[in-house]
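# Observations on chain architecture
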Amino acid sequence: MTRDSITLDSHAQVAAHWAASDLSAGDLSSREWNSAEAVEITRRWSGEDAPPERHTEARILWTEQALCIRFTCRQTEPLVASSTPVLDQKTLGLWNRDVCEIFVAPDPNAPQRYFEFEAAPTGEWVDLAINFDGDLRETDFEFQSGMTTAASLSDEQLVIAIRIPWSNSLPKPQKGDRWRVNLFRCVGT
């Protein structure tokens, strides 16, 4: 663990690196991303290997102002996306289309309380606060994180970024903090 990173707990571990400069969601090619550890997403939700054309790389940074995630996806299939995207409010049901997602549980003593953030290639987004007690999932559909998104599609590559500002719900971490996260990409039919 270095001074400038936090460790994100999951089955594997990844360090979210500190970026001295704040990033906007649109800073898809910022040099800051080169310092972030690449996390390869190569399995389906079931744990089975995904075909190589569905592999994705994620990188996570944190700044004084926000948590930033960038997904670089292989995109060889037609996009499953809205032809009339709504960008000024969250899009419920976005998870039924092509999206990149991060689930974050910042409190190690309450892993059942977490946040879901999704971004689509169209720029659509959704943010949810969730409490799951094992039998009942309570979802706060009114939760508003202030997240922003950006996306770029070229040739067979899709890049999607999410920026989530720190708040009372998602407080800025301290050196050494451990969070539970899950990174996911929904692609295709």
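Residues numbered from 1 in each chain as written. Predicted model: local features only at pLDDT ≥ 70, side-chain atom pairs only at ≥ 80, totals over all residues. Heavy atoms only, no water.

### A short note on a nonpolar patch on the surface
Just so we agree on the cut-off: Only residues whose relative accessible area exceeds 30% and that form no salt bridge are eligible for patches; like-charged ones are grouped when within 9 Å, while nonpolar side chains (Val, Leu, Ile, Met, Phe, Trp, Tyr) are grouped when within 5 Å. We get accessible surface area from the Shrake-Rupley algorithm with a probe of 1.4 Å; when it comes to residues, only the shown protein chains can shield them. The rule for a salt bridge is simple: a side-chain nitrogen of Lys or Arg has to be within 4 Å of a carboxyl oxygen of Asp or Glu. Each helix is a run of H or I in the DSSP string that is no shorter than four residues. Each strand is a run of E no shorter than two, and both are numbered from the N terminus.
Together, Leu92, Trp95 and Phe141 give the surface a local cluster of nonpolar side chains, amounting to about 280 Å² of exposed area. Note on placement: tryptophan 95 falls in the loop between strand E5 (66-74) and strand E6 (99-105).

### Some details on the nonpolar core
Applicable threshold: For our purposes a nonpolar core is just a set of buried Ala, Val, Leu, Ile, Met, Phe, Trp, Tyr and Cys residues, chained together by side-chain atoms within 4.5 Å. For each residue, the accessible area found with a 1.4 Å probe, counting protein chains only, is set against the maximum for its type, and the residue is called buried under 20%, exposed over 50%, and partly exposed in between. Should any heavy atoms of two residues lie within 4.5 Å, those residues are counted as being in contact.
By size, the foremost hydrophobic cluster in this structure holds 28 residues, and its most contacted members are Leu67, Ile69, Phe71, Phe117 and Leu170. Of all the secondary-structure elements, those providing two or more residues to this core are strand E4 (56-62), E5, E6, strand E7 (113-119), strand E8 (125-132), strand E11 (157-165) and strand E12 (178-186). Residues in contact with leucine 67, not counting those within four places in the same chain, are Ile60, Leu61, Trp62, Val104, Ile162, Arg163, Ile164, Trp166, Leu170 and Trp179. Grouped together as the second largest cluster of nonpolar side chains are 11 residues, Ala105, Ala120, Val126 and Phe184 included.

### Notes on the packing of aromatic side chains
Inclusion rule: Note on ring pairs: Phe, Tyr and Trp rings are taken, using the six-membered ring of Trp, and paired if centres are within 6.5 Å. Classes follow the plane angle, with under 30 degrees stacked, over 60 edge-to-face and the rest tilted.
Inspection of every chain in the model, using the stated rule, returns five aromatic pairs. One aromatic cluster is present, built from ring pairs that chain together Phe115, Phe117 and Phe143.

### Focus on the pattern of salt bridges
Taken as a whole and assessed by the stated rule, the structure comprises eight salt bridges. A salt bridge links arginine 163 to aspartate 22; the shortest N-O distance between them is 2.8 Å. Here arginine 163, found in strand E11, pairs with aspartate 22, found in the loop between strand E2 (13-18) and strand E3 (39-41); they are 141 residues apart in sequence, far enough to count as distant. Accessibility expressed as a relative area gives 15% for arginine 163, which makes it buried. With a relative accessible area of 34%, aspartate 22 lands in the partly exposed category. Glutamate 57 is paired through a salt bridge with arginine 59; the nearest N and O atoms lie 2.9 Å apart.

### Focus on the environment of leucine 92
Within the element layout of this structure, leucine 92 appears in the loop between E5 and E6. It is 9.8 Å that separates the C-alpha atoms of leucine 92 and glutamate 124, two residues lying 32 residues apart in sequence. Non-local contacts of leucine 92, meaning those with residues more than four positions away in its chain, are made with Val126, Leu128 and Phe141.

### Side note on the confidence of the model for the protein
Heads up, the condition is: You can read pLDDT as the predictor saying how much it trusts each residue, on a scale of 0 to 100.
Chain-level pLDDT for the protein is 89 on average; 94% of the residues reach the 70-or-more range. Of the regions scoring below 50 in pLDDT, residues 1-10 engages in 38 contacts with residues more than four places distant in sequence or in other chains.

### Describing the layout of surface pockets
Applicable threshold: Here the term cavity refers to a set of points on a 1 Å grid, laid over the protein atoms alone, in which a 1.4 Å probe fits but cannot get out; the term pocket refers to an open set having protein on both sides within 12 Å along at least five of seven lines, with lining residues being those that place an atom within 4 Å of a point. Grid points are joined across faces, edges and corners, and a volume is the space filled by probe spheres set on the points. Three categories are distinguished: nonpolar for Ala, Val, Leu, Ile, Met, Phe, Trp, Tyr, Cys and Pro, charged for Asp, Glu, Lys and Arg, and polar for the others, with Gly belonging to the last.
Each pocket or cavity is described by its volume, and for the second largest pocket that value is around 260 Å³. If you trace the second largest pocket, you find 13 residues lining it, with Arg44, Arg54, Phe184, Arg185 and Val187 closest to the centre. The element that contributes the greatest number of residues to the lining of the second largest pocket is E12, accounting for three residues. A breakdown of the residues in the lining of the second largest pocket according to their chemical character gives six nonpolar, three polar and four charged.

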